[in-house]
Amino acid sequence: MAPREVTADRGEYAAAQDLNARAVAASPDYPNASWVPANSGNYTASSRPSSYAIDRVIVHVTQGSYAGTISWFQNPSANVSAHYVIRSSDGATTQMVRDKDVAWHAGNWSYNTRSIGIEHEGWVSDASWFTDAMYRASAALTRHICDKYGIPKDRTHIIGHNQVPGATHTDPGPHWNWTTYMSYVTGGGGGTWSATVDNAGAFTASANWGTSSYSAQRHGADYRFASPVAASDPAWFRANLPSTGSYRVEVWYPSDPGYNSSAPYIVATSSGNQTVFVDQRSGGGGWRSIGTFTLNAGDRDVVGVSRWTSGVGYVVADAVRITRL
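All of these numbers come straight from a predicted model, not from anything done at the bench. (Residues numbered from 1 in each chain as written. Predicted model: local features only at pLDDT ≥ 70, side-chain atom pairs only at ≥ 80, totals over all residues. Heavy atoms only, no water.)

**Student:** Looking at this structure, how should I read the layout of surface pockets?
**Tutor:** To locate leftover empty space, one rolls a probe as large as a water molecule over the atoms. Each pocket or cavity is described by its volume, and for the largest pocket that value is around 550 Å³. Forming the boundary of the largest pocket are 27 residues, of which Ser34, Trp35, Gly286, Trp287 and Arg288 lie nearest the centre. At the level of elements, β1 (33–35), α1 (66–73), β5 (93–95), β14 (245–252) and β17 (288–295) are the ones that each hand at least two residues to the lining of the largest pocket. In terms of residue class, the lining of the largest pocket is built from 12 nonpolar, 10 polar and 5 charged. Along the wall of the second largest pocket there are 26 residues; nearest its centre are Val80, His105, Glu119, His161 and His169. (1 Å grid on protein atoms, 1.4 Å probe; cavity = no way out; pocket = protein on both sides within 12 Å on 5 of 7 lines; lining within 4 Å. Points joined across faces, edges and corners; volume = space filled by probe spheres on them. Helix = DSSP H or I, 4+ residues; strand = E, 2+ residues; numbered from the N terminus. Nonpolar A, V, L, I, M, F, W, Y, C, P; charged D, E, K, R; others polar.)

**Student:** I tried to follow α1 on my own but got confused; where do I start?
**Tutor:** Owing to its 3.6 residues per turn, the α-helix brings residues three or four apart onto one side. Of the residues making up α1, those classed as buried are Tyr66, Thr69, Ile70 and Phe73. Taken down its axis, α1 places every buried residue within 100 degrees of arc, on the same side. Looking at the packing, one finds that the buried side of α1 touches β4 (84–86), β5 and β7 (115–120). (Buried < 20%, exposed > 50% of the residue type's maximum accessible area, 1.4 Å probe, protein only. Arc of directions from axis to C-beta. Contact = heavy atoms within 4.5 Å.)

**Student:** Explanation requested: the packing of aromatic side chains in the structure shown.
**Tutor:** What characterises a pair of aromatic rings is the spacing of the ring centres plus the angle enclosed by the ring planes. What the rule picks out here adds up to 13 aromatic pairs. Note on Trp123 and Trp129: the rings are 5.1 Å apart at their centroids and 55 degrees apart in plane angle, and the pair reads as tilted. The exposure class assigned to Trp123 is partly exposed, which follows from its relative accessible area of 31%. Here Trp129 falls in the partly exposed class, since its relative accessible area comes to 25%. Centre to centre, the rings of Phe130 and Trp176 are 5.4 Å apart; their planes meet at 75 degrees, and the pair counts as edge-to-face. Here Trp176 lies in the loop between β8 (158–160) and α4 (178–187) and Phe130 lies in the loop between β7 and α3 (132–149), a separation of 46 residues in the sequence. Its relative accessible area of 4% is what places Trp176 among the buried residues. (Phe/Tyr/Trp six-rings, centres within 6.5 Å; stacked < 30°, edge-to-face > 60°.)

**Student:** How should I be thinking about the pairing of strand β18 (residues 298–305) in this particular structure?
**Tutor:** With 7 bridges joining them, strand β13 (residues 235–241) and β18 adopt antiparallel strand pairing. Each residue of the ladder has a partner; that of Phe237, found in β18, is Val303. Direction of pairing for strand β15 (residues 263–269) relative to β18: antiparallel, over a ladder of 3 bridges. Counterpart to Ile266 in the pairing with β18 is Gly304. (Pairing = 2+ DSSP bridges.)

**Student:** I would appreciate a short explanation of α3 in the present structure.
**Tutor:** If you check α3, its first and last C-alpha atoms are 26 Å apart, about what 18 residues at 1.5 Å a residue would give, namely 26 Å. Taking burial as the measure, the 18 residues of α3 include 14 buried ones, the bulk of the element. Among the residues trailing α3, Gly150 stands out with phi positive, at a value near 70 degrees. (Expected span 1.5 Å × (residues − 1).)

**Student:** Can you help me understand the pattern of salt bridges in this one?
**Tutor:** Oppositely charged side chains may form a pair once their charged atoms are brought near each other. Taken as a whole and judged by the stated rule, the model has 14 salt bridges. Taking the shortest distance from any N to any O, the salt bridge between Lys153 and Asp147 comes out at 2.6 Å. Residue Lys153 is classed as partly exposed on the basis of its relative accessible area of 31%. Across the pair Glu250 and Arg248 runs a salt bridge, and its minimum N-O distance is 3.8 Å. (Salt bridge = Lys/Arg side-chain N within 4 Å of Asp/Glu carboxyl O.)

**Student:** Before we go on, may I ask you to explain the sheet that holds β7 in this structure?
**Tutor:** Where strands meet in a sheet, backbone hydrogen bonds hold them as pairs that are either parallel or antiparallel. Read from one edge to the other, the open sheet built from 6 strands follows the order β1-β5-β4-β7-β3-β8, with strand pairing classed as mixed. Pairing within the sheet leaves two strands with one partner each, and these edge strands are β1 and β8. Each adjacent strand pair in this sheet contributes to an overall mean axis angle of 25 degrees, direction not counted. Sheet contacts for α1: β4, β5 and β7; angle to β4, the most-contacted strand, approximately 160 degrees. The sheet strands contacting α3 are β3 (56–61), β4, β5, β7 and β8, and the helix crosses β7 at an angle near 170 degrees. (Axes fitted to C-alpha atoms, helices over the stretch in contact; angles between N-to-C directions.)

**Student:** Just checking my understanding: could you explain the nonpolar core for this structure?
**Tutor:** Where a protein is soluble and globular, its nonpolar side chains tend to be buried together. The biggest cluster of nonpolar side chains holds 32 residues, and the ones touching the most others in it are Tyr265, Ile290, Leu295 and Ile322. Those elements that provide at least two residues to this core are β12 (223–226), β13, β14, β15, β17, β18, β19 (315–317) and β20 (319–324). Considering every element that reaches this core, the biggest residue donor is β13, with 4 residues. Look past the residues within four positions of Leu295 in its chain and what remains in contact with it is Leu241, Ser243, Thr244, Gly245, Tyr247, Val267, Ala268, Thr269, Ser270, Arg300, Val302 and Ile322. The next biggest cluster of nonpolar side chains, apart from the first, holds 29 residues, and it includes Ile116, Met134, Tyr135 and Tyr184. (Core = buried A, V, L, I, M, F, W, Y, C linked by side-chain atoms within 4.5 Å.)

**Student:** Any chance you could explain the sheet that holds strand β16 (residues 272–278) here in plain terms?
**Tutor:** Pairing in this open sheet of 5 strands is antiparallel, and the strands run β10-β13-β18-β15-β16 from one edge to the other. Because the sheet does not close on itself, it has two edges, and the strands there are β10 (203–204) and β16.

Put into structure tokens, the structure is as follows:
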């Protein structure tokens, strides 16, 4: 027989706390971001804004992919980093350097010390990478930074890499739409409505779903779990969406080798249910985007976690976050 992973039935001890459980993953400074730290040799540890005032946001373009940029900032040979990286397709945001620390992104030490750097997936020569989802997600982040540090929301304080004194880079380039971007920054649009639904309140699940606080990576007090079966029996997260439109859906789950290798998340879109499979054995303890979807307005079940999967291990339902773009 081919080997396969098995999970022990812990019975009445399923809810017992693991004394060797890993600490909760570090949280980002920006609530809508995931946290993936850059290599410590690619930025300068600091204590901003007490050590240096923060009065600029600098817009970059990666000249590469989202995943490739994240990987490069983790490479000790890079000698470069930015505070945030934003994906083109859906505006997913990853923080890699703390706001308090000095990222090496501007090519000018003075501007590094005073700024937050945001990298955007794409190439300066190809306008197709600059999607509305990216503009809105980035604008929401920039607005958050400006509000947090008292930075004026204008083009003197929100600049491109090409505007840094002595810059040799041209990003974000001629295809970056500053008019649209700044209108989102100043006009209050771009992901300001967001709802987080934990496995309590606006949540329903059958009696087949157990409750556990075993993992320290959980969101809130506990989470729900069930064994996979050849029937959906979904646990549903409910939300009252303010309008029909594009929404980013993120999920939170604790990861463990005994959890499901292909957990099915069902998203009730305006064109019917769509299923996204997530490996819950890794990547837990933080928000993970499963995509951007067109959702209808109204109070209803929006995201479900199904038990019908060929994956191995407990299926976990912990929390979801839905953000309008």
